[in-house]
Amino acid sequence: MSEAGQLQDYSVDQAAGAIVLVLGAVASLLLVVWQSKCHCKVNLCYIFQCERRPPSEDEIKGLKDNAKDLKDKAKQKQQAQASRQNKKPTPTPTPTPTPSPRSPGGEPEPEPEPISSSWRTL
């Protein structure tokens, strides 16, 4: 008869994989809770306590205004760069000639000789 309730022998890498999977599941659950817009309080063994509250209407309005200001500044910066580039004509680089596969004498390079099979007998 088999003994019920007894674990099999596991290797260290299997135990480490199980621990990583459990910690990943707990971390992803905490991430979902933390990114949600609900009011939550996290208590980790009475050592670390954290409380998260969703932003109020005034804070949301302030964040939207800040985002709009940043977008306007970025657009002005791009327009200034574009106007500077239009004022300075950039010289176009001349294309360099590609080297031909022929040697300087105009003759094609000789084909390489095949390697002898004597090295295989060593």
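Preceding block: the structure.
In this report, we go over the structure that sits alongside the text. (Residues numbered from 1 in each chain as written. Predicted model: local features only at pLDDT ≥ 70, side-chain atom pairs only at ≥ 80, totals over all residues. Heavy atoms only, no water.)

1. A few points about the overall build of the protein chain
Here comes step 1: The number of helices and strands found in the protein chain is two helices and two strands.
Here comes step 2: Ordering the α and β elements of the protein chain from the N terminus gives α-β-β-α.
Here comes step 3: Relative to its full complement of 122 residues, the protein chain shows a buried share of 2%.
Here comes step 4: With the model as given, the accessible surface of the protein chain reaches about 12,600 Å², and the carbon-plus-sulfur share is 59%. (Helix = DSSP H or I, 4+ residues; strand = E, 2+ residues; numbered from the N terminus. Buried < 20%, exposed > 50% of the residue type's maximum accessible area, 1.4 Å probe, protein only. Areas by Shrake-Rupley, 256 points an atom, 1.4 Å probe, with all protein chains shown as cover.)

2. A word on a nonpolar patch on the surface
Here comes step 1: A surface patch of nonpolar side chains, amounting to about 270 Å² of accessible area, comprises Val22, Val26 and Leu30.
Here comes step 2: As for its placement among the helices and strands, leucine 30 is situated in helix 1 (residues 12–35).
Here comes step 3: By relative accessible area, which is 48% here, leucine 30 ends up partly exposed. (Patch = residues over 30% accessible without salt bridge, like charges linked within 9 Å, V, L, I, M, F, W, Y side chains within 5 Å. Salt bridge = Lys/Arg side-chain N within 4 Å of Asp/Glu carboxyl O.)

3. Comments concerning the pairing of strand 2 (residues 48–52)
Here comes step 1: Strand direction decides the pairing type here: strand 1 (residues 40–44) and strand 2, joined by five bridges, are antiparallel. Residue pairing for strand 2: leucine 44 is matched across the bridge by phenylalanine 48.
Here comes step 2: What sits between strand 1 and strand 2 in their antiparallel hairpin is a turn of three residues, with cysteine 45 showing a positive phi close to 55°. (Pairing = 2+ DSSP bridges.)

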